[in-house]
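# Understanding the architecture of this molecule
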Amino acid sequence: MIELFLAGALLATQPQTPPPPAGGQDPIALEDVIISGRSLDSLISDFVGEVAEPNRNRGLARWQDRICVGVANLRGETAQYLSDRISTVATDLGLAAGSPGCTPNILVIAAADAEGLARQLTEERRRAFRMGGSGMDRGGAALRDFVETDRPVRWWQMSMPVDSETGDTAVRIPGDCTNACTSAADYAPQIAVFAASRLRTQIVDNLIRTIVIVDVDQVTGLSALQLADYIAMVSLAQIDPEADTSSYASILNVFETPEASDSLTDWDLAYLGGLYAAERNQLGERAGRSEIIGSIRRSHEQLRDEEDAGEPAAE
């Protein structure tokens, strides 16, 4: 296993005593649905409701076609491993991964003083965190939490409402304009509606930037794979930093129970697969979530079929 060297320090796996799961019950894995006494649809709905955090009044965002992972403050072998693993998860979802030398839109930074780095970045490059367009970020309170939190890994994402038909920006960004920049129309996006509907929309939300800061002193109990998969999960989807996923077998629990998940679990893979398979064309946040839930259900069924196909036939 590749060992993590962060800021010159070796991140060796250390045994930890995990807290008992909520309610004294083991986390639910997808294959446990039948014995859990709850329907799969109910479990998926609750999981999505817990982990998904779209920007205010917007639908769930995802990367549209291409990601480029950059890793800073790590030694070469470790940085390459994290970049390669995150890129592999992305390509499995149908995204393209940038070649070496590409401009990163997913930037992972290791730091001994994670809060200090977050504060410095947000003060010196405020526009990189809040571009000013409606629905492009989680707001000022969330940005303060990004700076002040003591979580081992903190992340900040920017998304862009776009026209799914053309890819054009569908929100006004302060300072941006077209033509002569002399009238209000020059500062507003122009969207041609191809099929007007009260139930469907051609405006979708795409992720455009993710910044992840890793506190090197708080990740010493993880393997390289665990850390890379955790970062992949929070970089490729909009995940609530306050989500309580203790009832589910998920990589998001890795800091509380590191021995429970060596990598992305079936719950995680089904969630990501469902998010990237959904059309996202239903109007309204609730309808959009329902579409994601249905897509996750189909993704789970595909995972189950693949697992069944890999098992030896019963004699």
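It should be noted that the structure appears before, not after, this text.
What you are looking at is a predicted structure, and each value in this text was computed from that prediction instead of being measured. (Residues numbered from 1 in each chain as written. Predicted model: local features only at pLDDT ≥ 70, side-chain atom pairs only at ≥ 80, totals over all residues. Heavy atoms only, no water.)

## Topic: the state of the cysteines
Convention followed: Two cysteine sulfurs form what is called a disulfide whenever their separation falls within 2.5 Å. Numbering of helices and strands runs from the N terminus, with a helix taken as a DSSP run of H or I at least four residues long and a strand as a DSSP run of E at least two residues long. Only protein chains enter the accessibility calculation, which uses a 1.4 Å probe; a residue whose area is less than 20% of its type maximum is buried, one above 50% is exposed, and one in between is partly exposed.
Applying the stated criterion across every chain yields a total of 1 disulfide. Between the sulfur atoms of cysteine 68 and its disulfide mate cysteine 102 the distance is 1.8 Å. Negative torsions about the S-S bond denote left-handed disulfides, and the value of about 85 degrees found for cysteine 68 with cysteine 102 makes this one right-handed. Pair noted here: cysteine 68 is in the loop between β3 (66-67) and β4 (69-72) and cysteine 102 is in the loop between β5 (96-97) and β6 (106-111), with a separation of 34 residues, a long-range link. Both residues of the pair, cysteine 68 and cysteine 102, belong to the buried class.

## Concerning empty space enclosed by the protein
Any empty space left between atoms is shown by rolling a water-sized probe over those atoms. Note the threshold: Space inside and on the surface of the protein is sampled on a 1 Å grid over the protein atoms alone, with a cavity defined as a set of points where a 1.4 Å probe fits but cannot get out and a pocket as an open set with protein on both sides within 12 Å along at least 5 of 7 lines; lining residues have an atom within 4 Å of a point. Grid points are joined across faces, edges and corners, and a volume is the space filled by probe spheres set on the points.
Per the counting criterion, the structure on display carries 1 cavity of 30 Å³ or more. As a volume, the largest cavity reaches approximately 50 Å³. Glu53, Asn55, Arg138, Trp155, Gln157, Gln238 and Ile239 together form the lining of the largest cavity.

## Topic: the pattern of salt bridges
Pairing between side chains of opposite charge can happen when their charged atoms approach one another. To keep it simple, the criterion reads: The salt bridge criterion pairs a side-chain nitrogen of Lys or Arg with a carboxyl oxygen of Asp or Glu, the two atoms within 4 Å.
Following the criterion strictly, the structure yields 9 salt bridges and no others. Among the salt bridges present, the one from arginine 297 reaches aspartate 41, with a minimum N-O distance of 2.7 Å. Taken as a pair, arginine 297 in helix α10 (residues 285-310) and aspartate 41 in helix α2 (residues 40-51) lie far apart in primary sequence, 256 residues in all. Under the relative-accessibility criterion, aspartate 41 is labelled partly exposed at 42%. In this structure, aspartate 145 and arginine 151 form a salt bridge, with 2.5 Å as the shortest nitrogen-oxygen distance. The class for aspartate 145 is partly exposed, based on a relative accessible area of 27%. In the salt-bridge network here, residues are joined through shared partners; they are Asp41, Arg297 and Glu301.

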